[in-house]
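Tertiary structure, described
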Amino acid sequence: MKIVIVGAGRGLGHVLAQMLAEKGHTVVAGLRRLDDTISERENLIYLQMDATDEGQIRDAVQWTKHHVGEIDAVVYVAGILLQSDRTETLLTESLDDIRKQIEVNALGLITVFRDFLPVIKKSGLFIGVTSEGGSFANEGSLFPAYGVSKTTANKIIQTLRVTVGESINVYAVHPGRMNTDMGRTTAQIEPEEAAIGFCNILEGTTHIEKDQWFIDYRGNAMPL
Ligand SMILES: NC(=O)c1ccc[n+]([C@@H]2O[C@H](COP(=O)([O-])OP(=O)(O)OC[C@H]3O[C@@H](n4cnc5c(N)ncnc54)[C@H](OP(=O)(O)O)[C@@H]3O)[C@@H](O)[C@H]2O)c1
């Protein structure tokens, strides 16, 4: 398969890009900042893709189109949880910090989705990594702006899914509470376990109930 990962610098995105490449898939891995120390291989190519930079995403689409051709899937992993959101509430956190989290965790999805859509093959896949924190079933006292941004992300995914109809499959996926820079304080699993789940979804070996679009990394429905 040919797969684009946006947000492959650290954590889940990094592990998933490496795992897919080791399995023989062709991976175009997007980094917020290109890093000279990152090692490419024949089937794992790193490109600069700051999800909040429309020009960079458009350039990455053009590069992918010319060098890789039609792709099977895009996985949007990019996400931020700012330090202020770990301690402040919506009463006290700066609007600038709240805005930044919505920008990356939610609006970047729209940019990446609409620019890559013409390059995704028919019946291909778009996965937005969202979070259980985006569910209304989650009361929202922990990481408030992050939660708002992930609820927005879920609504964006639902809306994009309806907008494109049957042409591609679109999912919002909760990756589990992972031991990464972001998730260390609440972790229950290693990012490798989540990445295996994402590989199974991408390779089509996970059964996903028809009409389910907000699922966890094992394919189970998540509460809205
Ligand atoms: N960890 C958890 O327990 C957990 C739980 C639920 C959902 N999630 C979601 O799962 C995804 C991966 O989380 P993680 O734990 O792997 O986080 P992480 O270790 O903090 O990694 C986040 C990645 O997103 C990239 N990123 C941030 N802003 C970006 C931008 N503007 N453009 C492109 N890439 C950008 C980061 O790039 P840099 O390295 O350049 O900063 C980094 O590679 C996120 O969407 C997160 O919200 C995580």
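Values in this document were obtained by computation on a predicted structure and should not be read as measured data.

Quick notes on the site of the ligand
Near the ligand lie 29 residues; those nearest to it are Arg-10, Leu-12, Tyr-146, Met-178 and Thr-180. Between an oxygen atom of the ligand and a side-chain N or O atom of Arg-10, the distance comes to 2.6 Å. In the environment of the ligand, an oxygen atom lies 3.4 Å from a nitrogen or oxygen atom belonging to the backbone of Gly-79. Contact with the protein chains covers 94% of the free accessible surface of the ligand, which is 900 Å². Looking at the shell around the ligand, the elements with two or more residues in it are helix H1 (11-22) and helix H5 (144-164). Its residues assigned to classes, the shell around the ligand comprises twelve nonpolar, eleven polar and six charged.

Some thoughts on the packing of aromatic side chains
Under the counting rule described, the total for this entry stands at three aromatic pairs. The interplanar angle of 85 degrees and the centroid separation of 6.5 Å between the aromatic rings of Phe-143 and Tyr-146 together place this pair among those described as edge-to-face. Like Phe-143, the residue Tyr-146 is buried in the burial classification.

Some remarks on the packing of helix H2 (residues 54-67) against helix H4 (residues 95-116)
For any two helices packed against each other, the geometry is given by the interaxial angle and the distance between the axes. For the pair H2 and H4, interaxial distance at closest approach is 10 Å and the crossing angle is 30 degrees. Judged on the interaxial angle alone, H4 and H2 are roughly parallel. The handedness of the crossing between H2 and H4 comes out as right-handed. Judged by residue contacts, Glu-54, Ile-57, Arg-58, Ala-60, Val-61 and Thr-64 of H2 engage Thr-111, Val-112, Asp-115 and Phe-116 from H4.

Looking at the pairing of strand S6 (residues 169-174)
Burial runs high along S6: five of the six residues are buried. By the bridge criterion, five bridges tie strand S5 (residues 120-129) to S6 in an arrangement that is parallel. Looking at the pairing, Leu-125 lines up with Asn-169 of S6. Pairing of S6 with strand S7 (residues 214-216), which is carried by three bridges, proceeds in the parallel orientation. Each bridged residue has a counterpart across the sheet, and for Ala-172 the counterpart in S7 is Phe-214.

Digging into the sheet that holds strand S1 (residues 2-6)
A sheet is described by the order of its strands in space; here seven strands give the open sequence S3-S2-S1-S4-S5-S6-S7, paired in parallel fashion. Edge strands, defined here as strands with exactly one partner in the open sheet, are strand S3 (44-48) and S7. On average, each strand axis in the sheet is tilted by 25 degrees relative to the strand beside it, whichever way the strands run. Where H2 meets the sheet, its contacts fall on S1, strand S2 (26-31), S3 and strand S4 (71-76), and the angle it forms with S3 comes to roughly 150 degrees.

A closer look at the side chain of Thr-64
With respect to the element layout, Thr-64 can be found in helix H2. Here the side chain of Thr-64 touches Ala-60 through a polar contact of 2.7 Å, landing on its backbone oxygen. The residues contacting Thr-64, other than those within four sequence positions of it, are Val-4, Val-28, Leu-47, Gly-69, Ile-71 and Phe-116.

Reading the values: the criteria
Residues numbered from 1 in each chain as written. Predicted model: local features only at pLDDT ≥ 70, side-chain atom pairs only at ≥ 80, totals over all residues. Heavy atoms only, no water. Near = heavy atom within 4 Å. Polar contact = N/O pair within 3.5 Å; in protein donor to acceptor, adjacent residues only side chain to side chain. Areas by Shrake-Rupley, 256 points an atom, 1.4 Å probe, with all protein chains shown as cover. Helix = DSSP H or I, 4+ residues; strand = E, 2+ residues; numbered from the N terminus. Nonpolar A, V, L, I, M, F, W, Y, C, P; charged D, E, K, R; others polar. Phe/Tyr/Trp six-rings, centres within 6.5 Å; stacked < 30°, edge-to-face > 60°. Buried < 20%, exposed > 50% of the residue type's maximum accessible area, 1.4 Å probe, protein only. Axes fitted to C-alpha atoms, helices over the stretch in contact; angles between N-to-C directions. Parallel < 35°, antiparallel > 145°, perpendicular 65-115°, else oblique. Left-handed = near helix turned anticlockwise from the far one by under 90°. Contact = heavy atoms within 4.5 Å. Pairing = 2+ DSSP bridges.

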